[in-house]
Amino acid sequence: MLAVSTTTVSAQNVRVMSYNVRNGNGMDGIKSIERCADIVYQTKPDVVAVQELDSMTHRNNFYVLGKMAEHAGYHAYYGPTIPYRGGKYGIGVLSKKPALSVKFHRLPCRKEPRGLLVVEFKKYYLLCTHLSLNEQDRVTSVGIIRDIVSKLKKPVFIAGDMNALPTSKPITAFKEYATLLSDDSQFTFPSTNPRICIDYIFGSNGSFSVLKNHIFNDTLASDHHPLYVDVKIGKAKKNKR
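The shown structure was predicted, so the numbers you read here are calculated from the model rather than taken from an experiment.

**Describing the packing of aromatic side chains**
Thought 1: Scanning the model with the defined rule gives seven aromatic pairs in all.
Thought 2: Here the aromatic rings of Y124 and F157 are separated by 5.5 Å at their centres, their planes lie at 80°, and the arrangement is edge-to-face. Linking Y124 in the loop between β7 (114–120) and β8 (125–130) with F157 in strand β9 (residues 156–161), this pair joins segments that are 33 residues apart in sequence.
Thought 3: For Y124, a relative accessible area of 6% corresponds to the buried category.
Thought 4: Arranged with centres 5.6 Å apart and planes meeting at 65°, the rings of F157 and F208 form a pair that is edge-to-face. Taken together, the residues F157 in strand β9 and F208 in strand β12 (residues 208–215) connect sequence positions 51 residues apart. No difference in accessibility class separates F157 from F208, as the two residues are buried.
Thought 5: Connected via pairs of aromatic rings, a cluster forms that spans F121, Y124, F157 and F208.
Thought 6: Across from the ring centre of Y41, 4.7 Å away, lies the NZ or CZ of K44, which sits over that ring.
Thought 7: One residue, K154, lies across the ring of Y125, its end atom 5.7 Å from the ring centre.

The structure is reproduced here in structure tokens:
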């Protein structure tokens, strides 16, 4: 069955970033979420999918995403995946403009619950996730995300730390309904000596022209390199269900 979007979306250029910030725990032993926020501020993405975020835990007694947003001048939307050390731990989205809606969906994980944060903007959605370390959980999650995407009526960006290599089953499954927009030949982890790509940005429900993709080569702020894509999005296409 085909799910057909009836929403017409005029062309728009969007800069989408994905960044596993590791709570600002730098590779030099210094904890500074401000360094991660500085990278966002310098890069000026429209939206950012952010992973590994504490909120009011014993180890980070503040709202990490909120502090990052305040420092960079962005709006913040948080999706807690687990209760952790007196607070919460999860994923989030930063955006230049306020969101129209925010929803959180739980994803399977054998050891630690995971989630998908769905944030709606005027002409597109950004979906942020941090998938399980277990491959079968990742494959199942990709199917769940597919079902969610099929119900959305605008172009969709799916971004995050997928914990999966480019040739793996989960990434292959993503490519059945989404277009890879980032460059999986550029390594994102570990930041001090990157050897693998596990962070990605995909597009679905629309036409996408990649104008630029870039890995921000920072070796200190986190154990992941942030990445971004400049994309021209067009009107929504048909999606297989």
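**Points about helix α1 (residues 33–43)**
Thought 1: Taken together, the buried positions of α1 are I33, C36, A37, I39, V40 and T43. For α1, the buried positions fall inside an angular range of 150° around the axis, keeping them on one side.
Thought 2: Looking at the buried residues of α1, the elements they touch are β2 (12–20), β3 (47–55), α2 (64–72) and β13 (227–233).

**Re the confidence of the model for the protein chain**
Close reading of the predicted structure is inappropriate where its pLDDT is low.
Thought 1: Per-residue confidence for the protein chain gives a mean pLDDT of 91; residues scoring 70 or more make up 88%.
Thought 2: Per-residue pLDDT stays below 50 along residues 1–8; that stretch engages in 18 contacts with residues further than four places along the chain or on separate chains.

**Things to note about helix α3 (residues 135–150)**
Thought 1: Taking 1.5 Å of rise per residue, 16 residues should cover 22 Å, and α3 covers 23 Å from first to last C-alpha, within 8% of that figure.
Thought 2: All buried positions along α3 are accounted for by D137, R138, S141, V142, I145, I148, V149 and S150.
Thought 3: You can read the cap of α3 off the contacts: a side-chain oxygen lies 3.0 Å from the backbone nitrogen of Q136, and it is on N134.

**Considering unusual backbone geometry**
Thought 1: In the segment running from F189 into P190, the intervening peptide bond is cis, with an omega of -15°.
Thought 2: Along the chain, P190 falls in the loop between β10 (179–180) and β11 (199–204).
Thought 3: Positive phi, normally seen in glycine, also occurs at N163, with a value near 50°.
Thought 4: Its location among the elements puts N163 in the loop between β9 and α4 (169–174).
Thought 5: The phi dihedral of N205 falls on the positive side, at around 65°, and the residue is not glycine.

**Some words on the sheet that holds β11**
Thought 1: With mixed pairing, six strands are arranged side by side in an open sheet as β6-β7-β8-β9-β11-β10. Edge positions in the sheet fall to β6 (101–107) and β10, since each has one partner strand and no second.
Thought 2: Taken together, the two bridges between β10 and β11 define a ladder with antiparallel strand orientation. Across the sheet, residue T179 finds its bridge partner in β11, namely G203.
Thought 3: Along the sheet, α3 makes contact with β6, β7, β8, β9 and β11, crossing β6 at roughly 150°.

So, how was this worked out
- Per chain, residue numbering runs from 1 following the sequence as it is written.
- Under the rules for a predicted model, residues below a pLDDT of 70 receive no local features and side-chain atom pairs below 80 are neither given nor counted, while totals for whole chains, interfaces and linings still include all residues.
- Computation of side-chain values: all heavy atoms of the structure, hydrogens and water removed.
- Here a Phe, Tyr or Trp ring, Trp counted by its six-membered ring, pairs with any other such ring whose centre lies within 6.5 Å, and the pair is stacked when the planes are under 30 degrees apart, edge-to-face when over 60, and tilted otherwise.
- Strands here are runs of E lasting at least two residues and helices are runs of H or I lasting at least four, both read from the DSSP assignment and numbered beginning at the N terminus.
- Each residue's exposure class comes from its accessible area (1.4 Å probe, protein chains only) as a fraction of the maximum for that residue type: buried when under 20%, exposed when over 50%, partly exposed otherwise.
- Charge over a ring is defined by NZ of Lys or CZ of Arg lying within 6 Å of the ring centre and within 35 degrees of the ring normal.
- The directions considered for the arc run from the helix axis to the C-beta atoms.
- Contacts are residue-level and defined by heavy atoms, with any inter-residue pair within 4.5 Å sufficient.
- Here pLDDT means the predictor's own confidence in every residue, given as a number from 0 to 100.
- A helix is expected to reach a length of 1.5 Å times the quantity of its residues less one.
- Counted as a polar contact is a pair of N or O atoms within 3.5 Å, where, for protein atoms, one must be capable of donating a hydrogen and the other of accepting one, and residues adjacent in sequence contribute only when both atoms are in side chains.
- Only when DSSP finds a minimum of two bridges between them are two strands counted as paired.
- Inter-axis angles, ranging from 0 to 180 degrees, are taken between N-to-C directions of lines fitted to C-alpha atoms, where helices are fitted over the stretch in contact.

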